[in-house]
Amino acid sequence: MAHKKAGGSASTNRDSQSKRLGVKKYGEENVISGNIVIRQKGSHFYPGVGTKKGNDYTIYAITSGKVRFVTKQGRQLVEVR
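What counts, and at which threshold
- Residues numbered from 1 in each chain as written.
- Predicted model: local features only at pLDDT ≥ 70, side-chain atom pairs only at ≥ 80, totals over all residues.
- Heavy atoms only, no water.
- Pairing = 2+ DSSP bridges.
- Helix = DSSP H or I, 4+ residues; strand = E, 2+ residues; numbered from the N terminus.
- Buried < 20%, exposed > 50% of the residue type's maximum accessible area, 1.4 Å probe, protein only.
- Polar contact = N/O pair within 3.5 Å; in protein donor to acceptor, adjacent residues only side chain to side chain.
- Phe/Tyr/Trp six-rings, centres within 6.5 Å; stacked < 30°, edge-to-face > 60°.

Caption draft 1: Structural view of the pairing of strand S8 (residues 75-80). Across two bridges, strand S4 (residues 46-47) lies against S8 in parallel orientation. Among the inter-strand pairings, Tyr-46 is bridged to a residue of S8, identified as Leu-77. Bridge analysis of strand S7 (residues 65-72) against S8 gives six bridges, and the strand direction is antiparallel. Along S8, the bridge assignment pairs Val-70 with Leu-77. Linking S7 back to S8 in an antiparallel pair, the connection comprises two residues, with Gln-73 at a positive phi of about 55°.

Caption draft 2: Broad picture of the sheet that holds strand S3 (residues 36-39). Pairing within the open sheet is antiparallel, and its four strands lie in the order S1-S3-S6-S5. Unpaired on one side and paired on the other, strand S1 (22-23) and strand S5 (51-53) mark the two borders of the sheet.

Caption draft 3: Seen up close, the environment of Arg-20. By the element assignment, Arg-20 lies in the segment before S1. Arg-20 sits in the exposed class, given a relative accessible area of 55%. For Arg-20 and Lys-4, which are 16 residues apart along the polypeptide, the C-alpha to C-alpha distance reads 42 Å. At 2.8 Å, the side chain of Arg-20 forms a polar contact with the backbone oxygen of Ser-18.

Caption draft 4: Examining the packing of aromatic side chains more closely. If you walk through the whole model with that rule in mind, you get one aromatic pair. With centroids separated by 5.8 Å and ring planes inclined at 65°, the aromatic side chains of Phe-45 and Phe-69 adopt a geometry described as edge-to-face. Here Phe-45, found in the loop between S3 and S4, pairs with Phe-69, found in strand S7; they are 24 residues apart in sequence, far enough to count as distant. Among the residues examined, Phe-45 registers a relative accessible area of 16% and is labelled buried.

Caption draft 5: Examining the sheet that holds S7 more closely. In spatial order, the strands read S2-S7-S8-S4; together these four strands make up an open sheet with mixed pairing. This sheet does not close on itself; its edge strands, each paired only once, are strand S2 (30-31) and S4. Here S2 pairs with S7 via two bridges, running antiparallel. Residue pairing in the sheet places Asn-30 in a bridge with Lys-66 of S7.

Okay, here's the thing in structure tokens:
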């Protein structure tokens, strides 16, 4: 007797959790030391004055001030002054 396995949802119907990447503090916003400015995968933005880059390429403020986005030598830098 021919029969078919009961139909359930497909095992491949899953999606990964979103990683909440992107700019967290925009230009001219005030930040304090330790605030995350950008979460990114890879070096799209580079750290400038007043910022540092974490192991996962997150750019965060090391000083308090206002966020600035500048382009120098073809690189997009994030600065806090």
